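What follows is each chain in one-letter form.
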Amino acid sequence: DALKKLSPEELAKLKTALGGTKVVVVGWGPVGHAVVTKLLAKSAGALKISVISEESYPAYNRVKLSSFFEHRDPNKLALSSPEWCREQGVELIFGRATKIDRSGKVVEVDCNGQSKSVQYDELVIATGSKPWLPPVPGLGLEVEGVFVYRSISDIFKITERAKFSTKAVVIGGGLLGLEAAKAAYDLGLETTILEVAPHLMPVQLDLEAGKILQSKIEALGLKVKTGVKVLEIQTGDGGLQGVKIEQEGAEEVLATTLLIVGAGVRPRQELAESCGLELGGRGGIKVDQRMKTADEHIWAVGEIASYNGGMCYQLSAPGYTQAEILSDHMTNPKADAKFADADLSTKLKLLGVDVASFGGSSDFWFKRQYSSSGEEVMSKVSKDEAAGVYKKLVFTPDGTKLLGGILVGDISAFAPLTAVSKRPDIGGLSPDELMAGQMPKVDDGGDGTNLGDDDHVCNCHSVPKKVIREAIMKGAHTFEEIKKCTKAGTGCGTCIRTGPQPKLLAHTLNQKGVEAGACKALPFAHDDIEDLAKARQLKSYEELVTHLGYPAAAADGDKTALGSVLDRIGGKPKGEGLDHVAQLKALKDDLWKFVDKMNCNPILVRLAWHDAGTYDKSKTAFGERGGANGSIRFSPEISMGANNGLDKAVKYMEPFKADYPLVSYADLYQMAAAVSIEHAGGPKIDMKYGRKDATGPDQCPDPKSRGTAGNAGLPDAEPGPEGAFGCGATDAATHLRNIFYRMGFDDKGIVALSGAHTIGRAFKERSGTVKEGYGESSGCPYTVSMPKSCPIRNDGGYGVGMPGGKSWTTKWLKFDNEYFQPAVYEEKDKDLLWLSSDRCLHQDEGFKQYFMLYKDDQSAFFRDFAEAYKQLSEQGAQFEPEAGVTL
């Protein structure tokens, strides 16, 4: 916006002044990325910018790291992409900065073992923080089973360890520790949180608030121990075995094989130390109010920056403010912007509990006004322990100014109360009136937010209401469009989820006369309304309009337009009132949308394949004969080595089962696979439904019952260490025949079904047949999330989902006959997977005729695959009615 105000002559002068200046940013985290975007915006593209990223992922939102378990797709956390860098003329360097030569103005970078020298005129250090390990005997990241919680890579490591663990211990009950505890909880582990202070979140909450938070967390099934001293980390065969603690004078050993340390962070100042930059008294790089260091050509921002040698702020909001100030000064020598204080207000959802702490200045926390008593401050408290709601407002002793407050359970008043805390007084109200929910009268323009134009809607990025309203007036009519224009909502997201942004958007669209979304009163997408309602626990139309929308636009037809949403937020399953066939049809539509969103086609095909692939035609009893009966959801079947990783797919399917209870698990799994194949461009399979479910583990086939080692007859990818497959065969072709002939397939069916490898990947953690595993750094060019535009889907779009592993084909989310092409089976591309069980298909004479047919004729492959898969999906099944149900 500032550039738009410049005349052509002034713009030309700016470009001349900055032209050719080489700026290097070390660190591509959220704050480093903010520096890059703001420099681009304020320099009219005249700067030459390079950014050095140690992580192999695009800049991503660490605040939402725990949400990774919902999708396991780094792109959904990403704030940028390599394509964006190229489009903006930003040089992106993946590697670790190892040295700064201040005299030569050079940064040395280790790029996967190769050294690269990067010249700079101006250097910005945004290296952030690193996890801190308390000085506990035996504690170290070299211990198998001990992890920190800071990055996507950490999450992948924790996820893998969790497969072999039942319990987790988390050291730290602050923000970081509670986020780590949520990760363990989401992985289904029995989780214990250890905090040295008398209560949780001691930096943000007082004792009473901390105890209420603890009770709500314990109600979820987690264990919390406060006032704890960690004495020792105990190890044995396989690494971690336990954590020895002391609490109230008593010692105890917590048995666990997974420990996550979330006890705080420390600035990553190694680069600064090694080049002689002045450090802060408590660590970090000392900077002035312009964010400049002692070196006139080096700047620092974010968690590494020690303002005036004092505090390093460990929150994103101060970092974004610092990025704004730095970019002002770097692009304009006459800039007068100054960093003087930081807004440390936070609002988060921790383990499902909304928690907020706000203040008018940093004194609220640094001087511990939030826990002060006596004559220093006036405090007002209300609490409902049964409901888990706590509210504390802290005033000056005379009660005329709000200093800050704490909210637990209900944080709906966070934005207006934060705004009041930044004003000189409380607008003529008494402290009791403010506690009761009254707010000083503010001209909010009728939008119901009770915020003035200059009050912040988004605290993370310090975005005032007027900026968002102007963006809406200029065409940003959705939350996503507002994010792109203003950054509001791209931090913690609570200004949307529980804050004032929905009411502001609804009011402004109606004032502008724009009809959007579900209805005028709630001009949002149905999915957005449902998400907002769940976040705020809204159950009715009236509550939706009051808390999210524009009541003046409410109309009689709104409830009809919102029908399905109202049903869902009211707790009504989607399939309620529908008969079996109608539920199947609705389920099919929902599965298509889910697969399209999640890019999970391969794992759903694998789930159905492995549920049905245990079939033995020589056995007759239901359950014992195996087949498509939904038994894979039970142990010991889901725990078989061949089914590694499929627990995730089973969890994916649970919400669908809850919505459509008349559909069996067996039908759900097989439909999900058929939909996934068709979505990926494959054939439409003539499916029938009505399968009966296995009712318990007693109806799972015994893992060794097929005479093929411990996988209930599922095929092996490679022979064992002694050269034999699980069935005893020493060559792959015989092994496949032993497996598939038992199910009733012939050679044609074997080759056709093997063609399903045209979609999907193998992972080290699942099969052990490849060295590539979970995560960006463990993948191949075809299986990483960068470049984001890699067109691997059938519709030509990108869509890696969880990165990593190794695929059989280049477009492994597109179902076609690429698997049968020479570019694959000739094994000239080292980045593609080809195993002995694949190799035999074009070498064995019985298989080869079909393999070559499918190479030349995709329609023949589709025809034979659809026939074979239909057989696979029905074998071993017991249908009700006996003839099944077709759609």
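Since the structure is predicted, the reported quantities are computational estimates derived from the model, not experimental observations.

Thoughts on the overall build of the protein chain
Here's step 1: Tallying secondary structure elements over the protein chain gives 30 helices and 29 strands in all.
Here's step 2: Rg of the C-alpha trace for the protein chain: 30 Å, near the compact-globule value of 29 Å for 887 residues, within the 12% margin.
Here's step 3: Dimensions of the protein chain, computed from the C-alpha atoms along their principal axes, are close to 85 × 70 × 70 Å.
Here's step 4: Across the 887 residues in the protein chain, those meeting the buried criterion constitute 57%.
Here's step 5: Sequence-distant contacts in the protein chain: of pairs separated by 6 or more residues, those separated by 24 or more amount to 64%.
Here's step 6: Entry remark: accessible area of the protein chain is about 35,900 Å², with carbon and sulfur atoms responsible for 49%.

Remarks on the sheet that holds strand S4 (residues 96-101)
Two modes of strand pairing occur in sheets, parallel and antiparallel, and in both the strands are linked by backbone hydrogen bonds.
Here's step 1: With antiparallel pairing, the 3 strands of this open sheet are ordered in space as S4-S5-S6. Looking at strand neighbours, the two that pair on one side only are S4 and strand S6 (114-119), the edges of this open sheet. Here the strands of the sheet are splayed against their neighbours by 25° on average, with no regard to which way each runs.
Here's step 2: Note that S4 and strand S5 (residues 106-111) share 5 bridges and pair antiparallel. Residue pairing for S5: Ala97 is matched across the bridge by Val109.

A short note on the pattern of salt bridges
Side chains bearing opposite charge may pair, as long as their charged atoms lie close to each other.
Here's step 1: This structure, assessed with the given rule, holds 51 salt bridges.
Here's step 2: Put simply, Arg150 and Glu303 hold a salt bridge, and the shortest N to O gap is 3.0 Å. One end of the pair, Arg150, is in the loop between strand S9 (146-148) and helix H5 (152-162); the other, Glu303, is in the loop between strand S19 (298-300) and strand S20 (305-307), and 153 residues separate them in sequence.
Here's step 3: Taking the relative accessible area as the measure of exposure, Arg150 reaches 18% and is therefore buried.
Here's step 4: Two residues, Lys225 and Glu252, come together in a salt bridge whose shortest N-O distance is 3.5 Å. With Lys225 in strand S12 (residues 223-226) and Glu252 in strand S15 (residues 250-255), the pair connects residues that are 27 residues apart, well separated along the chain.
Here's step 5: Given the relative accessible area of 17%, Lys225 is considered buried.
Here's step 6: What you see here is one network of salt bridges that share partners, running through Lys38, Lys42, Glu324 and Asp328.

Describing the packing of aromatic side chains
Here's step 1: Taken as a whole and assessed by the stated rule, the structure comprises 32 aromatic pairs.
Here's step 2: Note on Tyr665 and Tyr669: the rings are 6.0 Å apart at their centroids and 50° apart in plane angle, and the pair reads as tilted. Of the two residues, Tyr665 and Tyr669 both sit in helix H24 (residues 665-679), 4 residues apart, roughly one turn of that helix.
Here's step 3: For Tyr665, a relative accessible area of 14% corresponds to the buried category.
Here's step 4: Measuring from ring centre to ring centre gives 5.4 Å for Tyr825 and Phe851, while their planes differ by 80°; the resulting arrangement is edge-to-face. Placement of Tyr825 in helix H27 (residues 822-825) and of Phe851 in helix H29 (residues 845-856) is noted, with a sequence separation of 26 residues between them.
Here's step 5: One aromatic cluster in this structure is built from Phe815, Tyr819, Phe820, Tyr825, Trp834, Phe851, Tyr854, Phe861, Phe862, Phe865 and Tyr869.
Here's step 6: One residue, Arg266, lies across the ring of Trp132, its end atom 4.4 Å from the ring centre.
Here's step 7: Sitting over the ring of Phe847, Arg737 keeps its end group 4.1 Å from the ring centre.

Thoughts on the packing of helix H2 (residues 30-43) against helix H9 (residues 316-331)
Here's step 1: H9 packs onto H2 with a crossing angle of 30° between their chain directions and a minimal axis gap of 9 Å. Of the possible angle classes, the one that applies to H2 and H9 is roughly parallel. When the axes of H2 and H9 are compared, the crossing they make is right-handed. Contacts from Pro30, Val31, Ala34, Val35, Lys38, Leu39, Lys42 and Ser43 of H2 reach H9 at Ser316, Gly319, Tyr320, Ala323, Glu324, Leu326, Ser327, Asp328, Met330 and Thr331.
Here's step 2: Across the contact of H2 with H9, the residue classes tally to 9 nonpolar, 5 polar and 4 charged.

Side note on the side chain of Ser50
Here's step 1: Along the polypeptide, Ser50 turns up in strand S2 (residues 48-53).
Here's step 2: One polar contact links Ser50 to Lys22, side chain to side chain, over a distance of 3.4 Å.
Here's step 3: In this structure, Ser50 is in contact with Lys22, Val23, Val24, Val25, Glu91 and Ile93, ignoring residues within four places of it in sequence.

Thoughts on the side chain of Asp693
Here's step 1: Residue placement: Asp693 occurs in the loop between H24 and helix H25 (732-743).
Here's step 2: Summary of buried charges: Asp693 has no salt-bridge partner, and the nearest side chain of opposite charge, Arg633, is 4.3 Å away.
Here's step 3: Of the polar contacts made by the side chain of Asp693, one reaches the backbone nitrogen of Tyr665; its length is 2.8 Å.
Here's step 4: Among the polar contacts made by the side chain of Asp693, one reaches the main-chain amide nitrogen of Ala666 at a distance of 2.8 Å.
Here's step 5: Beyond its immediate stretch of four places on either side in the chain, Asp693 contacts Phe622, Asn629, Gly630, Arg633, Lys657, Ser664, Tyr665, Ala666 and Gln699.

A few points about the environment of Gln269
Here's step 1: Along the chain, the position of Gln269 falls in the loop between strand S17 (265-267) and helix H8 (270-274).
Here's step 2: With a relative accessible area of 15%, Gln269 lands in the buried category.
Here's step 3: Each C-alpha atom, one on Gln269 and one on Ser129, is 8.3 Å from the other, the two residues being 140 residues apart in sequence.
Here's step 4: Non-local contacts of Gln269, meaning those with residues more than four positions away in its chain, are made with Leu279, Gly283, Gly284 and Ile304.
Here's step 5: Polar side-chain contacts of Gln269 include one of 2.6 Å to the backbone nitrogen of Gly284.

Regarding the pairing of S15
Here's step 1: In this structure, strand S14 (residues 239-247) lies alongside S15, joined through 6 bridges in antiparallel fashion. By the bridge assignment, Ile245 is partnered in S15 with Glu252.
Here's step 2: Hairpin connection of S14 to S15: 2 residues between the antiparallel strands, including Glu248 at a positive phi of 55°.

Here we look at helix H7 (residues 207-219)
Here's step 1: Under the 1.5 Å per step criterion, the end-to-end length of H7 is 18 Å for 13 residues, consistent within 8% with the ideal 18 Å.
Here's step 2: All of the buried residues along H7 are Ala209, Gly210, Ile212, Leu213, Gln214 and Ile217.
Here's step 3: Looking one or two residues beyond H7, the residue adopting positive phi is Gly221, at roughly 110°.

Thoughts on the sheet that holds strand S10 (residues 167-171)
Here's step 1: The parallel open sheet is built from 5 strands, whose spatial order is S9-S16-S10-S11-S12. One side of each edge strand has no neighbouring strand; the edge strands of this open sheet are S9 and S12. For this sheet the average axis-to-axis angle between neighbouring strands, irrespective of direction, equals 20°.
Here's step 2: Where S10 and strand S16 (residues 259-261) come together, 3 bridges link them in parallel fashion. Pairing of Val169 across the sheet is with Leu259, part of S16.

Points about unusual backbone geometry
Here's step 1: Following Ser635, the chain continues to Pro636 via a peptide bond in cis, the omega torsion being 15°.
Here's step 2: Counting through the fold element by element, Pro636 comes out in the loop between helix H22 (601-612) and helix H23 (646-659).
Here's step 3: In this chain, Glu880 is followed by Pro881 through a cis amide linkage whose omega measures 0°.
Here's step 4: The residue Pro881 is located in the segment after helix H30 (858-874) in this model.
Here's step 5: You will see that Met201, though not glycine, has its phi angle at about 50°, which is positive.

Some points on the state of the cysteines
Here's step 1: On inspection of all chains with the given rule, the structure shows 0 disulfides.
Here's step 2: Cysteine Cys312 shares no disulfide, and the gap to the nearest cysteine sulfur, in Cys275, comes to 15 Å.
Here's step 3: By relative accessible area, which is 7% here, Cys312 ends up buried.

Details of the packing of helix H26 (residues 747-754) against H29
Here's step 1: Two elements in contact, H26 and H29, have axes whose closest approach is 9 Å; the angle formed by their N-to-C orientations is 45°. Taken together, the axis directions place H26 and H29 in an arrangement best described as oblique. In the crossing of H26 with H29, the sense of the turn from one axis to the other is right-handed. Between H26, through Asp747, Lys748, Ile750, Val751 and Ala752, and H29, the contact on the second element is made entirely by Gly846, Phe847, Tyr850, Phe851 and Tyr854.
Here's step 2: Of the residues belonging to the contact of H26 with H29, the class tally is 7 nonpolar, 1 polar and 2 charged.

Thoughts on helix H17 (residues 526-536)
Here's step 1: Those residues of H17 lying buried are Ile529, Glu530, Leu532, Ala533, Ala535 and Arg536.
Here's step 2: At the exit of H17 stands Gln537, carrying a positive phi of roughly 60°.

Criteria and thresholds
- Residues numbered from 1 in each chain as written.
- Predicted model: local features only at pLDDT ≥ 70, side-chain atom pairs only at ≥ 80, totals over all residues.
- Heavy atoms only, no water.
- Helix = DSSP H or I, 4+ residues; strand = E, 2+ residues; numbered from the N terminus.
- Rg over C-alpha atoms; globule rule 2.2 N^0.38 Å.
- Buried < 20%, exposed > 50% of the residue type's maximum accessible area, 1.4 Å probe, protein only.
- Contact = heavy atoms within 4.5 Å.
- Areas by Shrake-Rupley, 256 points an atom, 1.4 Å probe, with all protein chains shown as cover.
- Pairing = 2+ DSSP bridges.
- Axes fitted to C-alpha atoms, helices over the stretch in contact; angles between N-to-C directions.
- Salt bridge = Lys/Arg side-chain N within 4 Å of Asp/Glu carboxyl O.
- Phe/Tyr/Trp six-rings, centres within 6.5 Å; stacked < 30°, edge-to-face > 60°.
- Lys NZ or Arg CZ within 6 Å of the ring centre and 35° of its normal.
- Parallel < 35°, antiparallel > 145°, perpendicular 65-115°, else oblique.
- Left-handed = near helix turned anticlockwise from the far one by under 90°.
- Nonpolar A, V, L, I, M, F, W, Y, C, P; charged D, E, K, R; others polar.
- Polar contact = N/O pair within 3.5 Å; in protein donor to acceptor, adjacent residues only side chain to side chain.
- Lys, Arg positive; Asp, Glu negative; His and termini not counted.
- Expected span 1.5 Å × (residues − 1).
- Disulfide = S-S within 2.5 Å.

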